[in-house]
Amino acid sequence: MRITVLGNSGPYPRPGGACSGYLFEDGSTKILIDCGNGTLSRLQQIIHRLDDLDMIIISHLHSDHIADAMVLRYAIGINKAKGMISKSIPLFAPGEPKADFDKLQFQDAFIMKEISEDLVIHQNELSIGFKKMVHPVPCYGMTIEKNGKKFVYSADTKYCDQIFQLAKDADLLLCESGVLERDKTEDTAHLSAKEAGEIGMVSRVKKLMLTHFWPGYTLDEILQEAKENFDGELILSEEMKTYEI
Ligand SMILES: [Zn+2]
Ligand SMILES: [Zn+2]
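Quantities reported herein were computed from a predicted structural model and do not represent experimental measurements.

Undergrad: How do you make sense of the overall build of the protein when you look at a structure like this?
TA: When helices and strands are tallied, the protein shows seven helices and 14 strands. Against the globule reference of 18 Å for 245 residues, the protein gives a C-alpha radius of gyration of 17 Å, in line with a compact fold. By principal-axis analysis of the C-alpha atoms, the protein measures approximately 55 × 40 × 30 Å. Here the protein holds 245 residues, and 56% of them are scored as buried. A total of about 10,300 Å² of accessible surface is found on the protein, and carbon and sulfur atoms cover 47% of it. Treating the 27 positive side-chain charges of the protein as one cloud and the 37 negative ones as another, the clouds have centres 5 Å apart.

Undergrad: Explain the coordination of the zinc ion (ligand 1) here, please?
TA: In ideal tetrahedral geometry, four donors around a metal make angles of 109.5 degrees, whereas ideal octahedral geometry with six donors gives angles of 90 or 180 degrees. Every protein donor of the zinc ion (ligand 1) is listed here as D64 (OD), H65 (NE2), D156 (OD) and H212 (NE2), and their distances to the metal cover 2.1 to 2.2 Å. In this structure, the zinc ion (ligand 1) is positioned 3.5 Å from the zinc ion (ligand 2), and both are ligated by D156. Residue classification places H65 among the buried positions, given a relative accessible area of 0%.

Undergrad: Explain the environment of D64 here, please?
TA: Relative to the helices and strands, D64 resides in helix α2 (residues 63-66). Sequence spacing of D64 and A109 is 45 residues, and the spatial spacing of their C-alpha atoms is 20 Å. If we skip the residues at most four places from it in the chain, D64 touches G10, P11, C19, S20, G36, N37, D156 and H212. One polar contact links D64 to H65, side chain to side chain, over a distance of 3.3 Å. One polar contact links D64 to H212, side chain to side chain, over a distance of 3.1 Å.

Cut-off values and rules
Residues numbered from 1 in each chain as written. Chains lettered and ligands numbered in written order. Predicted model: local features only at pLDDT ≥ 70, side-chain atom pairs only at ≥ 80, totals over all residues. Heavy atoms only, no water. Helix = DSSP H or I, 4+ residues; strand = E, 2+ residues; numbered from the N terminus. Rg over C-alpha atoms; globule rule 2.2 N^0.38 Å. Buried < 20%, exposed > 50% of the residue type's maximum accessible area, 1.4 Å probe, protein only. Areas by Shrake-Rupley, 256 points an atom, 1.4 Å probe, with all protein chains shown as cover. Lys, Arg positive; Asp, Glu negative; His and termini not counted. Charge placed at Lys NZ, Arg CZ, Asp CG, Glu CD. Donors = N, O, S within 2.8 Å, 3.2 Å for Na, K, Ca; no water. Contact = heavy atoms within 4.5 Å. Polar contact = N/O pair within 3.5 Å; in protein donor to acceptor, adjacent residues only side chain to side chain.

Read these as spatial facts, not as claims about activity.
Here it is in structure tokens:
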């Protein structure tokens, strides 16, 4: 299993960057996780045909995670109508806000499916599960497991018990660190880098990879804060870099 970071900014891109989007691959299986602005361009540098995607999973319907799905629907819909793409792509997303969920569809580009905590997706040997995080809109963190290996993506979340449960014993935890401690308030809907480190430590993850960087921070201050709580293998995600799980 491996993951390529298409974009790691949030909630808007740094100059030249892109927002949340990750290509997960296992053998020939290809899953796009989140589709923030700037990620479709990057995705097409890696895959030759959009119908090579087995599915798309959207953690939540905030713009920095779905903006390029709005144009991906054109790419798939139009190429399907022209006979250049053979199939609609299954797209899993939270059903709320309903107006945003409904807006994703265009010319049957997607086979729309709602995420719930009960949902388990089986794709070849992969098992994909979900846990609801704490965020202003319904948002699901996810696990992808195969043969005892476990990949976890936090999605966007406040500090909560659920992220510790989700992350437990992960081989790789891809964890948002949208803020630094100095900017946290009661209303902050994101994890700080320090909290991400704590989650990685307590959940005994083998590798902790941070993402969802606010362009106003330097990468060094994010790294230093996360290090305060985590003494394992700590990675700052890099766009267009592929990581083995
Ligand atoms: Zn976000
Ligand atoms: Zn969000």
